[in-house]
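Chains, contacts and geometry: an overview
Residue-level listing of the chains:
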Amino acid sequence: MPSLSLHSPVGDLTIFEDNQAIVVVEWGWVEHQDDTPLLNRARDWLNFYFDGETNLPDLPLRPAGSVHQHRVWSEMRKIPHGHTLSYGALAERAGSNARATGTACGANPIPIIIPCHRVLAANQRIGGYSGQGGVETKVALLRLEGSLL
């Protein structure tokens, strides 16, 4: 599967492509790098995101997951840059419950691009984060977006 790594403020990231869609973003660096137009677009997207750009184009995404997970991830993508939503509110939008929604957030294979970091626990508590660095990374992403000062 073609992949491309980049350095970011939250650690090294690797983007994976399959059949002309981004399927995974994970923390870490891979030895073999591929130079495909889509991976380059995704790398540029992430670099612009970390530079504070808010008007980013859609990328073709195809995360592997259940029907429920796809509903949650689709609703997560609608949370605007610089905004947050509670697990309960996201669950309501996705026709689910907060616990199942939290599980879907934790299973998100394309973090940052599918912005699971924008989902908070009740009363604006940070909650958890499954990416490398855990809550510290989530806080860094929210601060980058101006959601936490």
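Check the entry above for the structure.
The sections below set out a description of the structure shown in this document.

About the thresholds
- Residues numbered from 1 in each chain as written.
- Predicted model: local features only at pLDDT ≥ 70, side-chain atom pairs only at ≥ 80, totals over all residues.
- Heavy atoms only, no water.
- Pairing = 2+ DSSP bridges.
- Helix = DSSP H or I, 4+ residues; strand = E, 2+ residues; numbered from the N terminus.
- Axes fitted to C-alpha atoms, helices over the stretch in contact; angles between N-to-C directions.
- Contact = heavy atoms within 4.5 Å.
- Core = buried A, V, L, I, M, F, W, Y, C linked by side-chain atoms within 4.5 Å.
- Buried < 20%, exposed > 50% of the residue type's maximum accessible area, 1.4 Å probe, protein only.
- Lys, Arg positive; Asp, Glu negative; His and termini not counted.
- Salt bridge = Lys/Arg side-chain N within 4 Å of Asp/Glu carboxyl O.
- Polar contact = N/O pair within 3.5 Å; in protein donor to acceptor, adjacent residues only side chain to side chain.
- Phe/Tyr/Trp six-rings, centres within 6.5 Å; stacked < 30°, edge-to-face > 60°.
- Expected span 1.5 Å × (residues − 1).

**Regarding the sheet that holds strand S1 (residues 3–6)**
Hydrogen bonding along the main chain pairs the strands of a sheet, whether they run parallel or antiparallel. Taken in spatial order, the three strands line up as S1-S2-S3 in an open sheet, and their pairing is antiparallel. One side of each edge strand has no neighbouring strand; the edge strands of this open sheet are S1 and strand S3 (21–27). The mean angle between the axes of side-by-side strands here comes to 20°, regardless of whether they run parallel or antiparallel. Where S1 and strand S2 (residues 13–18) come together, four bridges link them in antiparallel fashion. For Ser-5, the partnering residue across the bridge sits in S2 and is Thr-14. Contacting S1, S2 and S3, helix H1 (residues 37–50) crosses the sheet at an angle of about 145° to S2.

**Let's talk about the nonpolar core**
The biggest cluster of nonpolar side chains holds 37 residues, and the ones touching the most others in it are Ile-22, Leu-46, Met-76 and Ile-112. Secondary-structure elements contributing two or more residues to this core are S1, S2, S3, H1, helix H2 (67–76), helix H3 (87–94) and helix H4 (98–106). Discounting chain neighbours no more than four positions away, the residues touching Ile-22 are Ile-15, Phe-16, Glu-17, Leu-38, Leu-39, Ala-42, Pro-60, Leu-61, Arg-62, Pro-63 and Ile-110.

**Structural notes on the environment of Asn-55**
With respect to the helices and strands, the residue Asn-55 is situated in the loop between H1 and H2. Relative accessible area serves as the criterion here: at 65%, Asn-55 is assigned to the exposed category. Spatially, the C-alpha atoms of Asn-55 and Arg-99 are 31 Å apart, while their sequence positions differ by 44 residues.

**Section: the side chain of Glu-17**
With respect to the element layout, Glu-17 can be found in strand S2. Arg-62 provides the closest opposite charge to the buried, salt-bridge-free Glu-17, at an N-O distance of 8.4 Å. Only 2.5 Å separates the side chain of Glu-17 from the side chain of Thr-36, close enough to count as a polar contact. In contact with Glu-17, not counting residues within four places along its chain, are Met-1, Pro-2, Ile-22, Val-23, Thr-36, Leu-38 and Leu-39.

**Some remarks on the packing of aromatic side chains**
Counted under the stated rule, the structure contains three aromatic pairs. Summarising the aromatic geometry, the rings of Trp-27 and Tyr-129 are spaced 6.3 Å apart at their centres and angled 85° between planes, so their arrangement reads as edge-to-face. In this pair, Trp-27 is assigned in strand S3 and Tyr-129 in the loop between strand S5 (119–120) and helix H5 (135–144), connecting sequence segments 102 residues apart. Of the residues examined, Trp-27 reaches a relative accessible area of 14% and is grouped as buried.

**Describing H1**
With 14 residues, H1 ought to run about 20 Å at 1.5 Å a step, and its terminal C-alpha atoms sit 20 Å apart, in line with that. If you check which residues of H1 are buried, you get Leu-38, Leu-39, Asn-40, Ala-42, Trp-45, Leu-46, Tyr-49 and Phe-50. For H1, the secondary structure elements touched by its buried residues are S1, S2, S3 and H5. Positive phi shows up at Gly-52, right after H1, with a value of about 95°.

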